[in-house]
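Residue-level listing of the chains:
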Amino acid sequence: MPHDHDTSQCHHDHGPKHIYIYSPSSAVRDKAAFRRGIARLKALGHEVEVDADALAVHTRFAGDDATRLAAIHRAAASGADVALISRGGYGLSRLLGGIRYKAVAKAVEKGTRFVGVSDFTAFQLALLAQTGATSWAGPSLGADFGVAGGEPDDIMEACFDDLLSGHGEGSGWRMHREKPHAITGKPAVPDVYVKSATLWGGNLSVLASLVGTPYLPDVKGGVLFLEDVHEHPYRIERMLTQLLHAGVLARQKAVVLGQFTHFKLAPHDKGYKLQSVVDWLRSQIKAPVLTNLPFGHVPTKVLLPVGATVSLSVEDRDALIYWGHTH
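Everything in this summary refers to the structure shown in the same document. From a predicted model like this one, the values you see are computed outputs, not experimental measurements.

Conventions and cut-offs
- Residues numbered from 1 in each chain as written.
- Predicted model: local features only at pLDDT ≥ 70, side-chain atom pairs only at ≥ 80, totals over all residues.
- Heavy atoms only, no water.
- Phe/Tyr/Trp six-rings, centres within 6.5 Å; stacked < 30°, edge-to-face > 60°.
- Helix = DSSP H or I, 4+ residues; strand = E, 2+ residues; numbered from the N terminus.
- Buried < 20%, exposed > 50% of the residue type's maximum accessible area, 1.4 Å probe, protein only.
- Pairing = 2+ DSSP bridges.
- Axes fitted to C-alpha atoms, helices over the stretch in contact; angles between N-to-C directions.
- Contact = heavy atoms within 4.5 Å.
- Expected span 1.5 Å × (residues − 1).
- Polar contact = N/O pair within 3.5 Å; in protein donor to acceptor, adjacent residues only side chain to side chain.

1. Regarding the packing of aromatic side chains
- Inspection of the entire model under this criterion finds eight aromatic pairs.
- For the pair F61 and Y90, a centre-to-centre distance of 5.8 Å together with 55° between the ring planes defines the contact as tilted. Residue F61 is located in the loop between β2 (47–50) and α2 (65–77), and its partner Y90 is located in the loop between β3 (82–85) and α3 (101–109); the two are separated by 29 residues in the primary sequence.
- Residue classification places F61 among the buried residues on the basis of a relative accessible area of 6%.
- Linked through ring pairs, F114, F120 and F123 together constitute an aromatic cluster.

2. Observations regarding the sheet that holds strand β1 (residues 18–22)
- The six strands are arranged β2-β1-β3-β4-β5-β11 in an open sheet whose pairing can be described as mixed. Each edge of the open sheet is held by one strand with a lone partner, namely β2 and β11 (304–306). For this sheet, the mean angle separating the axes of adjacent strands, direction not counted, is 30°.
- With three bridges connecting them, strand β5 (residues 135–137) and β11 associate as antiparallel partners. Pairing of A137 across the sheet is with L304, part of β11.
- Those strands touched by helix α1 (residues 31–43) are β1, β2 and β3, and its axis lies near 150° from that of β2.

3. Considering the sheet that holds strand β7 (residues 192–203)
- Spatially, seven strands are ordered β6-β13-β12-β7-β8-β9-β10 in an open sheet, and the strand pairing comes out mixed. A strand with exactly one partner marks an edge of an open sheet, and here the two such strands are β6 (170–174) and β10 (289–290).
- Across seven bridges, the pairing between strand β8 (residues 222–229) and strand β9 (residues 252–261) is parallel. From the neighbouring strand, V229 faces β9, where its bridge partner is T261.

4. Observations regarding helix α6 (residues 154–165)
- Taking 1.5 Å as the rise per residue, α6 with 12 residues should run 16 Å; its terminal C-alpha atoms sit 16 Å apart, in good agreement.
- Buried residues dominate α6, accounting for 10 of its 12 residues.
- Among the residues of α6, those classed as buried are I155, M156, E157, A158, C159, F160, D162, L163, L164 and S165.
- Where the residues of α6 are buried, they touch β1, α1, β3, β4 (113–116), β5 and α5 (141–145).
- For α6, the N-terminal cap is D153; the gap from its side-chain oxygen to the backbone nitrogen of I155 is 3.0 Å.

5. With respect to the side chain of N203
- Along the chain, N203 turns up in strand β7.
- Setting aside residues up to four positions removed in sequence, N203 forms contacts with S118, T121, E227, D228 and H297.

Shown next, in the form of structure tokens:
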């Protein structure tokens, strides 16, 4: 199991929280999922505040740029325990020059946790680069809490509850079983212990698009986690190559690969697959490359503190990222 949660061992507040829902990226098309997500959070006992423009539409976006910027700043001023995006998509990259980062960092300092995934990576990395403030890679409202025909993923929900209660201390998972190195016979991933490293990363496509801008944090000795969706392995490799040539990968203590989903191999690949990319990456950098982190465009996702100081341990196939209490 990627996560364990035992409230009997926890002396933190599990009471209702104030959750602010806003839309900084693409327009919400699935209104039913939006409503189900709000209903689910309310059923869990939380106070849910919906931004006035959460359902705004301007071409593919949730309102024009000014509208979405204003929504971000309202979220920062809301005093909420959590500011949760309605969905990802695309749109935050357009806003990075207009965000009042000091106001967002002040909200973080006062206790608001900004949570999101996918396109939200642009906001998270820009916030880290501009202020050093921590945000959380985690769920979005519609895709995760508003799932149709069933309950939200229990691990995702338990991790979210841990965030709200201040109980979260880390996330463990099991990596893929891999063959030993063909020449040396050594394990594909050696036992690893990394102490006091900055955890950062998110969506690979978004992160790569920030190279060369003031919105990509200059993290040295970090633990970089990556995920993506609808990207063929060769495109994943091309973006990793960009990070390699930009010197980003050489500065990390570990690279952790999450879930890369919803792509289709072609006859032309002739055996070139995602594992081929992993093998290539390991040949290019000295840092260990870990796999199968339960995070990405998948139902089972842990919450990760982007910008926080963490430790990382690997023993055989068991990996653990831990950061202690978050308050």
